[in-house]
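Here is how the chains run, residue by residue.
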Amino acid sequence: MTAAGARARVRAELTREIVEAARRHLATEGASGLSLRAVARELGMASSAVYRYFASRDELLTALIVDAYDAIGEAAEEAEAAVPRTDLRGRWRAACAAAREWAVAHPHEYALIYGSPVPGYAAPEVTVGPAARVGVVLCRVLADGVASGVVDSGPDGAGDVLAPHIAEDLGLPPELAARAVLAWSSLFGGISFELFGHTHGVVADHVAHFEQSSERLATLVGLP
């Protein structure tokens, strides 16, 4: 290995350690309490050394946010890909269930991306693609349904609620795109209500409730 390669490997390893330490701090301090100095102390590094890897707290937050979006997106993608292509409703169910399972297993990271905004932080454009991964999976299922003629994409008066470019970006007819956005937001609304305690004492079986919700959303978007 060349000297440059060794330096790159060391940098990548230290970057990973910083991000992992910051992720642990999310569980104890929350996103608003994240501090580069505190992360440096945990790792036994000078704060000035950490700043060579992340120029600011916001840059570190962005790395955590992108990682979280990518992780939940990857979980949904892998679950959906394991279902036969012709089983559209099964693919939908699998993606929805995987998103919830990831959220339940990683509540602090989920709260970072779907909880309260961090004061003073504005997410940069680099987060947009990762944030859309679960939605893209769901829209791919619908697009396959349209292509095979089993999902009705006819007008229902709902298409004019979206920004002009959204339907094209999602690869769906406007009316179906509007229903997809409704289902997508309802999916994460249900997960958030569960994780943030809003359904405690109301829902007796959160798994069964979520399964019923994802089935109803599948019907809403026209999956057979």
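Procedures and definitions
Residues numbered from 1 in each chain as written. Predicted model: local features only at pLDDT ≥ 70, side-chain atom pairs only at ≥ 80, totals over all residues. Heavy atoms only, no water. Helix = DSSP H or I, 4+ residues; strand = E, 2+ residues; numbered from the N terminus. Buried < 20%, exposed > 50% of the residue type's maximum accessible area, 1.4 Å probe, protein only. UniProt positions renumbered as here; feature names shortened; annotations may be inferred. Contact = heavy atoms within 4.5 Å. Core = buried A, V, L, I, M, F, W, Y, C linked by side-chain atoms within 4.5 Å. Polar contact = N/O pair within 3.5 Å; in protein donor to acceptor, adjacent residues only side chain to side chain. pLDDT = per-residue confidence, 0-100. Salt bridge = Lys/Arg side-chain N within 4 Å of Asp/Glu carboxyl O. Expected span 1.5 Å × (residues − 1).

Description of the overall build of the chain
Okay, step 1: Broken down by element type, the chain carries eleven helices and zero strands.
Okay, step 2: Listed by position from the N terminus, the elements making up the chain come as α-α-α-α-α-α-α-α-α-α-α.
Okay, step 3: Projected onto its principal axes, the C-alpha coordinates of the chain cover approximately 60 × 50 × 35 Å.
Okay, step 4: The buried share of the chain, reckoned over its 224 residues, is 38%.

Here we look at the UniProt feature "domain: HTH tetR-type" (unreviewed entry) in the chain
Okay, step 1: UniProt annotation of "domain: HTH tetR-type" (unreviewed entry) refers to residues 12-72 when read in the numbering used here.
Okay, step 2: Overall, residues 12-72 shows 75% helix and 0% strand. The separation of its end C-alpha atoms is 22 Å.

Thoughts on the environment of A97
Okay, step 1: Summarising the element assignment, A97 is placed in helix α5 (residues 88-105).
Okay, step 2: Judged by relative accessible area, which is 26%, A97 ranks as partly exposed.
Okay, step 3: C-alpha separation for the pair A97 and L187, spaced 90 residues apart in sequence, amounts to 9.8 Å.

Describing the environment of T62
Okay, step 1: Following the sequence through the fold, T62 ends up in helix α4 (residues 57-81).
Okay, step 2: With 64 residues separating them in the primary sequence, T62 and V126 have C-alpha atoms 8.3 Å apart.
Okay, step 3: Not counting chain neighbours up to four residues away, the residues in contact with T62 comprise Y121, P124, V126 and T127.

Looking at the nonpolar core
Okay, step 1: By size, the foremost hydrophobic cluster in this structure holds 59 residues, and its most contacted members are L60, W92, L187 and L223.
Okay, step 2: Setting aside its immediate chain neighbours within four residues, W92 contacts L138, V141, L142, A183, S214, L217, A218, V221 and L223.

Thoughts on the side chain of R100
Okay, step 1: The topology assignment puts R100 in helix α5.
Okay, step 2: One polar contact links R100 to E194, side chain to side chain, over a distance of 2.8 Å.
Okay, step 3: Setting aside chain neighbours within four positions, we find R100 in contact with I191, E194, H206, V207 and F210.

Some remarks on the UniProt feature "DNA-binding region" (unreviewed entry) in the chain
Okay, step 1: When the UniProt feature table is mapped to this numbering, "DNA-binding region" (unreviewed entry) covers residues 35-54.
Okay, step 2: Annotation note: span residues 35-54, helix share 60%, strand share 0%, distance between end C-alpha atoms 11 Å.

Focus: the confidence of the model for the chain
Okay, step 1: In the predicted model, the chain carries a mean pLDDT of 91, and 95% of its residues have values of at least 70.
Okay, step 2: Across the chain, α5 holds the top mean pLDDT of 98, while helix α1 (residues 3-29) sits lowest at 81.

Remarks on the pattern of salt bridges
Note that side chains of opposite charge can pair when their charged atoms are close.
Okay, step 1: Counted under the stated rule, the structure contains 15 salt bridges.
Okay, step 2: With a closest N to O distance of 3.5 Å, E109 and R23 form a salt bridge. Residue E109 is found in helix α6 (residues 107-114), and its partner R23 is found in helix α1; the two are separated by 86 residues along the sequence.
Okay, step 3: Taking relative accessible area as the criterion, R23 reaches 25% and is therefore assigned partly exposed.
Okay, step 4: Among the salt bridges present, the one from R24 reaches E42, with a minimum N-O distance of 2.4 Å. Remark: E42 occurs in helix α2 (residues 36-43) and R24 occurs in helix α1; sequence separation between them is 18 residues.

Concerning helix α8 (residues 133-147)
Okay, step 1: The end-to-end C-alpha distance of α8, which contains 15 residues, comes to 21 Å, matching closely the 21 Å that a straight helix rising 1.5 Å per residue would cover.
Okay, step 2: Those residues of α8 not exposed but buried are V134, G135, V137, L138, C139, V141, L142 and G145.
Okay, step 3: Tucked inside the fold, the buried residues of α8 contact α4, α5, α9 (166-170) and α10 (174-195).
Okay, step 4: Where α8 ends, the next residue or the one after it, G149, has phi of about 80°, a positive value.

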